[in-house]
Amino acid sequence: MLKAFSNYKALNIYALYFHIGETEKKCFIEEIPDETMVIGKYRTQLWDKQTGSFLPATPGLGMHVEIKDPDTKIILSRQYGSDGRFTFTSHTPGEHQICLHSNSTKMALFAGGKLRVHLDIQVGEHTNNYPEIAAKDKLTELQLRARQLLDQVEQIQKEQNYQRYREERFRMTSESTNQRVLWWSIAQTLILIVTGIWQMKHLKSFFEAKKLV
Amino acid sequence: ILFVQVFWAHLLCGWAFGSELTFELPDNAKQCFYEDITVGTKCTLEFQVVTGGHYDVDCRLEDADGTVLYKEMKKQYDSFTFTAAKNGTYKFCFSNEFSTFTHKTVYFDFQVGEDPPLFPNENRVTALTQMESACVSIHEALKSVIDYQTHFRLREGQGRSRAEDLNTRVAFWSIGEAFILLVVSISQVVLLRSFFSDRKTTTTRVGS
């Protein structure tokens, strides 16, 4: 039954899809708190001009997956096959960027440049495989449900912590803007007054030297 | 093996999955997503523009025959629920073609059907104990909390992005204006001086 469930979950990745060009790079952003696990699964299909439909994945057609953390440091940069599964855990909260692009040069030959990518990205508590956890820890139904609720609450707490950190950043930005507006207004007013006085004085002495006044 | 796959596909009719993605939409670009939906499934498409320009995007949802189910231009945020009337591939597109130079970041959440239950052999008619039903209600409530958190995060991201934009603009323009002020006042004086400077042309000498 468990195997049946895992097969059924496998079909889940055939949900949403989009088309990608040959050298096109598609990026997705996941804004997540720290210590959050992200699992991404994709499946590719190639357009066959002859049959006018999408063929199931051909080997040799790979996708390059590149994941950057909020400081734009690359945390994963790997080549996967036509079906792939990548996973990472965030260590800093923020916007992580997941980029996919096809590395295949054979595409132009076969496909006229069209590739269909089925993608599924799961974050946080959605990454937990409950039947597996139930089997491993030998939990009853009720215990498993309680575990699921606990995971959800943990995710909510992490998100709230992250929210607090972001609100602080927002507040700092606003206060910095406030300071800048204040100081630059004063500075500009001073510059205006000083240059005005300088202009008057300079012109006065200039005209006096010219004996026009 | 095809039979087994077809079998599983039919089993999936009961419950399906949701996709939630945030992607970059460059200027003058259109991005489409497709999903195969079976008839009778209740689906919800929600989207929100996170960063970029005036925070708006065009959205269009078509069913398997190309009939437009939902079409809105320059929307910042919307939510659309429909029940699939036909089997087939549904397509929804986000377009930034009206913008010439701003990249946009768009978040969307496309829920198809209901979330799968925790136990695969469970179906709607299975009797649950009170504890189990309480757990199910708490689970649903927490899901909605998480959903609200996501929307809050996106709004806050939007606000923060505008604030940071404002901050850089204030700095840039303040320095720029101070500089222009100085340049203009000095050149005014120089220009004025040049009007009265000694030239070969006579200043007076009328007559004689």
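- Going by an unreviewed UniProt entry, chain B carries the name Transmembrane emp24 domain-containing protein 7 and comes from Oncorhynchus mykiss.
- UniProt annotates chain B under Sequence similarities (unreviewed entry) with the comment "Belongs to the EMP24/GP25L family."
- Per UniProt, the comment on chain B under Function (unreviewed entry) is "Potential role in vesicular protein trafficking, mainly in the early secretory pathway. Appears to play a role in the biosynthesis of secreted cargo including processing and post-translational modifications."

- Chain A carries the name Transmembrane p24 trafficking protein 4 in an unreviewed UniProt entry, which gives Oncorhynchus mykiss as its organism.

## Side note on the side chain of Thr-22 of chain B
Inference 1: Tracing the sequence through the fold places Thr-22 of chain B in strand E1 (residues 18-25).
Inference 2: Judged by its relative accessible area of 12%, Thr-22 of chain B is buried.
Inference 3: Once you skip the residues sitting within four places of it in the chain, Thr-22 of chain B turns out to touch Cys-27, Phe-28 and Ile-29 of chain A together with Val-50, Thr-105, Val-106 and Tyr-107 of chain B.

## Notes on the UniProt feature "transmembrane region" (unreviewed entry) in chain B
Inference 1: When the UniProt feature table is mapped to this numbering, "transmembrane region" (unreviewed entry) covers residues 170-192 of chain B.
Inference 2: Counted over residues 170-192 of chain B, helix gives 100% and strand 0%. Its end C-alpha atoms are 32 Å apart.

## Observations concerning the side chain of Ser-95 of chain B
Inference 1: Following the sequence through the fold, Ser-95 of chain B ends up in strand E7 (residues 88-95).
Inference 2: A polar side-chain atom of Ser-95 of chain B sits 3.0 Å from a polar atom in the side chain of Glu-97 of chain B.

## Comments concerning the interface of chain B and chain A
Inference 1: In this complex, chain B contributes 68 residues to the contact, which on the side of chain A involves 59 residues.
Inference 2: Interface area for chain B against chain A, summed over the two sides, is near 6100 Å², with a carbon-plus-sulfur share of 66%.
Inference 3: On inspection of chain B and its partner chain A, the count reaches 4 salt bridges.
Inference 4: For Glu-31 of chain A, the salt bridge goes to Arg-160 of chain B, with nearest N and O atoms at 3.6 Å.
Inference 5: Counting only elements with at least two residues in the side of chain B that touches chain A, the list comes to helix H1 (2-12), E1, strand E2 (30-37), E7, strand E8 (104-112) and helix H2 (130-196) of chain B.
Inference 6: Counting residues per element, the side of chain B that touches chain A draws most heavily on H2 of chain B, at 36 residues.
Inference 7: Strand direction decides the pairing type here: strand E1 (residues 16-20) of chain A and E2 of chain B, joined by 2 bridges, are antiparallel. By the bridge assignment for E2 of chain B, Tyr-17 of chain A is matched with Tyr-34 of chain B.

## Considering the nonpolar core
Inference 1: Phe-28 and Phe-86 of chain A together with Phe-33, Phe-92, Phe-94, Phe-108 and Phe-110 of chain B are the most contacted members of the largest nonpolar core, which has 48 residues in total.
Inference 2: In contact with Phe-92 of chain B, not counting residues within four places along its chain, are Leu-16 of chain A together with Gln-31, Cys-32, Phe-33, Leu-45, Arg-60, Leu-61, Phe-108 and Phe-110 of chain B.
Inference 3: In this structure, Ile-133 and Ala-134 of chain A together with Leu-118 and Phe-119 of chain B belong to the second largest nonpolar core, which totals 6 residues.

## What to know about the confidence of the model for chain A
Residue and element names in this part refer to chain A.
Inference 1: With 85% of its residues at a pLDDT of 70 or more, chain A shows a mean pLDDT of 83.
Inference 2: Here helix H1 (residues 2-11) is the element of chain A with the lowest mean pLDDT, 42, and helix H4 (residues 141-209) is the one with the highest, 92.
Inference 3: Per-residue pLDDT stays below 50 along residues 1-13; that stretch engages in 22 contacts with residues further than four places along the chain or on separate chains.

## Some points on the packing of helix H3 (residues 130-137) of chain A against H4 of chain A
Residues and elements named next belong to chain A.
Inference 1: Axis separation between H3 and H4 bottoms out at 10 Å; the angle between their running directions is 120°. As summarised for this structure, H3 and H4 are arranged oblique, according to the angle between their axes. Of the two possible hands of crossing, H3 and H4 adopt the one that is right-handed. In contact with Tyr-130, Ile-133, Ala-134 and Asp-137 of H3, H4 contributes Leu-144, Arg-147, Gln-148 and Asp-151.
Inference 2: Classifying every residue of the contact of H3 with H4 gives 4 nonpolar, 1 polar and 3 charged.

Procedures and definitions
- Throughout, a residue's number is its position along its own chain's written sequence, starting from 1.
- Here every chain gets a letter starting at A, and every ligand a number starting at 1, in the order they are written.
- Only residues with pLDDT of 70 or above have their local features reported here, since the model is predicted, and side-chain atom pairs are shown and tallied only from 80 upward, although totals for entire chains, interfaces and linings are computed over all residues.
- Only heavy atoms go into the side-chain values, all of them from the structure, while hydrogens and water stay out.
- UniProt positions are given in the numbering used here, feature names are shortened, and annotations may be inferred rather than shown by experiment.
- Only DSSP runs of H or I covering at least 4 residues are called helices, and only runs of E covering at least 2 are called strands; the numbering of each starts at the N terminus.
- To sort residues, take the accessible area from a 1.4 Å probe on protein chains only and compare it with the maximum for the residue type: under 20% means buried, over 50% means exposed, and anything in between is partly exposed.
- Contact criterion: two residues are considered in contact whenever any of their non-hydrogen atoms come within 4.5 Å of each other.
- The definition of a polar contact used here is a pair of N or O atoms within 3.5 Å, where within protein one atom must be able to donate a hydrogen and the other to accept one, and adjacent residues in sequence count solely through side-chain atom pairs.
- Two parts placed together each lose some accessible area; with a 1.4 Å probe, that loss summed over both constitutes the buried area.
- A pair is scored as a salt bridge if a Lys or Arg side-chain nitrogen falls within 4 Å of a carboxyl oxygen belonging to Asp or Glu.
- Pairing between two strands requires that DSSP report at least two bridges joining them.
- Take the buried residues of types Ala, Val, Leu, Ile, Met, Phe, Trp, Tyr and Cys, join any two whose side-chain atoms come within 4.5 Å, and each joined set is a nonpolar core.
- Every residue carries a pLDDT, the predictor's confidence in it, which falls somewhere between 0 and 100.
- Throughout, an axis means a line fitted to C-alpha atoms (over the contacting stretch in the case of helices), and angles, computed between N-to-C directions, take values from 0 to 180 degrees.
- Convention used here: angles under 35 degrees read as roughly parallel, angles over 145 as roughly antiparallel, angles from 65 to 115 as roughly perpendicular, and any remaining angle as oblique.
- Note: crossing handedness is left-handed where the near helix turns anticlockwise from the far helix by less than a right angle, and right-handed where it turns clockwise.
- Residues are sorted three ways: Asp, Glu, Lys and Arg are charged, Ala, Val, Leu, Ile, Met, Phe, Trp, Tyr, Cys and Pro are nonpolar, and all the rest, Gly among them, are polar.

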